[in-house]
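# Analysis of the macromolecular model
Now for the letters of each chain:
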Amino acid sequence: MPSFYDTEVASRLMLGTAQYPSPAILAEAFKRSGAGIATVSVRREAGGERAGQDFWDLIADLGVKVLPNTAGCHSVREAVTTAQMARELFDTPWIKLEVIGHADTLQPDPFGLVEAARILTDDGFQVFPYCTEDLVLCDRLIEAGCRVLMPWGAPIGTGLGLNNIYGLRSLRAHFPDVPLVVDAGLGLPSQAAHAMELGYDAVLLNTAVAKAGNPALMAEGFARALEAGRLAFEADPMEPRDMAAPSTPVLGKAFLA
Amino acid sequence: MKIIVNGAGHDTEATTLSALLDELGHGQAKIATAVNEAFVPAAMREKQTLNMGDRVEIVAPRQGG
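All values derive from a computational prediction rather than experimental measurement.

Residues and elements named next belong to chain A. Judged by pairing direction, the sheet is parallel, and its three strands sit side by side in the order E6-E7-E8 without closing on themselves. This sheet does not close on itself; its edge strands, each paired only once, are strand E6 (94–97) and strand E8 (150–151). Bridge count between strand E7 (residues 126–131) and E8: two bridges; the pairing is parallel. Paired with Tyr-130 across the two strands is Met-150, which belongs to E8. Here helix H4 (residues 110–122) sits on the sheet in contact with E6 and E7, set at roughly 170° to E7.

This is how it looks when you write it as structure tokens:
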């Protein structure tokens, strides 16, 4: 099982907690998924409101580790302050660092991401950067102190799957010892299985489960796909070839022409 | 004194962040705070003075992806 910042987790699935039809369905989806990590966020709260405490109680009951995010932050300062508030609220040094650079694609701002990662690492955070599959960017993130990389599969919430297989494969080859997580863009379990077949350590998803007609069933579908994909990776798959090769022995075939 | 709380105008008598949180009814709620875009740890709220026009952010745990 994967290990992040020397903490081993019991599942290759990180699951988001947003957009579920109800708290009960969220809880059932987590149960069926076996996810070991839940992503969470911080948002404004008015006096007397108990939404924060109620949500916290729900997450505590799931019995999983929490990974707070800086979702929606577009500047380094905003992301750093949000991370600091999240650390205090959730009592964890882990932070899923998002510094968004483009409003339509929610593509990470690579320059701001590296700067924020460096500031947060120096401040004692253990940073999980939401990044692209760009090799140079990922090199810079490692130099900034990140010990996990989380390249996108496709833009957040699109369900398009793995848009750049070559890039993701290159990343795996270039960073054989760094835990790699496909974060965002997955829509179907087959896409998660593919990420596993590429040798990725985990996937992080939310919308694909939360917005499915039956979130709990989809959560289990992803769990099984991750297991199948990982087994395939560990089994050392055959090399593809262009020309057909009969699998049934030719020798001994009856001559009937 | 007029300040901004979570993006909206607010008239307060509080001179510290801690007093403002009491005034707003946060009590012992699970919240985190920032003033003028800088994080203020819980232990520093009593010492964090407020001035006219300050921008206060009060956040709590929420769903996220």
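Each regular strand carries side chains that alternate between the two faces of the sheet. Counting buried residues along strand E4 (residues 37–44) of chain A, six of its eight residues qualify, which places the element largely inside the surrounding structure. In this fold, the crossover linking strand E3 (residues 13–16) of chain A to E4 of chain A by way of helix H1 (residues 23–33) of chain A has right-handed handedness. The pairing of E4 of chain A with strand E5 (residues 65–68) of chain A spans four bridges and is classified as parallel. From the neighbouring strand, Val-40 of chain A faces E5 of chain A, where its bridge partner is Pro-68 of chain A. In terms of handedness, the path from E4 of chain A via helix H2 (residues 51–62) of chain A over to E5 of chain A forms a crossover that is right-handed. With five bridges connecting them, E4 of chain A and strand E5 (residues 55–63) of chain B associate as antiparallel partners. Bridge pairing links Val-40 of chain A to Gln-63 of chain B in E5 of chain B.

Counting from both sides, the interface comprises 31 residues of chain A and, opposite them, 26 residues of chain B. Considering only the side of chain A, the residues that lose the most area to chain B are Arg-44, Glu-88 and Leu-89 of chain A, jointly responsible for 29% of the buried surface there. Counting across the interface, chain A meets chain B through four salt bridges. Arg-62 of chain B is the salt-bridge partner of Glu-49 of chain A, the closest N and O atoms lying 3.2 Å from each other. Viewed at the interface, chain B and chain A are joined by 22 residue pairs in polar contact (both at pLDDT 80 or more).

Below, the discussion takes up the UniProt feature "binding site: 1-deoxy-D-xylulose 5-phosphate" (unreviewed entry) in chain A. All names here are of chain A. The feature "binding site: 1-deoxy-D-xylulose 5-phosphate" (unreviewed entry), as given by UniProt, occupies Gly-157, Ala-184, Gly-185, Asn-206 and Thr-207 in the numbering adopted here. For the residues just named, distributed over 51 residues, the greatest C-alpha separation is only 9.2 Å, placing them together at one site. If you trace the backbone, Ala-184 turns up in the loop between strand E9 (181–183) and helix H7 (189–197). Beyond its immediate chain neighbours, meaning those up to four positions away, Ala-184 contacts Tyr-130, Trp-152, Gly-153, Ala-154, Ile-156 and Leu-204. In this fold, Thr-207 is placed in helix H8 (residues 207–210). A relative accessible area of 25% means that Thr-207 is categorised as partly exposed. When residues no more than four places from it in sequence are discounted, the contact partners of Thr-207 are Gln-19, Gly-157 and Ala-212.

Cut-off values and rules
Residues numbered from 1 in each chain as written. Chains lettered and ligands numbered in written order. Predicted model: local features only at pLDDT ≥ 70, side-chain atom pairs only at ≥ 80, totals over all residues. Heavy atoms only, no water. Pairing = 2+ DSSP bridges. Helix = DSSP H or I, 4+ residues; strand = E, 2+ residues; numbered from the N terminus. Contact = heavy atoms within 4.5 Å. Axes fitted to C-alpha atoms, helices over the stretch in contact; angles between N-to-C directions. Buried < 20%, exposed > 50% of the residue type's maximum accessible area, 1.4 Å probe, protein only. Right-handed = clockwise from strand over helix to strand, strands pointing away. Buried area = accessible area lost by both parts, 1.4 Å probe. Salt bridge = Lys/Arg side-chain N within 4 Å of Asp/Glu carboxyl O. Polar contact = N/O pair within 3.5 Å; in protein donor to acceptor, adjacent residues only side chain to side chain. UniProt positions renumbered as here; feature names shortened; annotations may be inferred.

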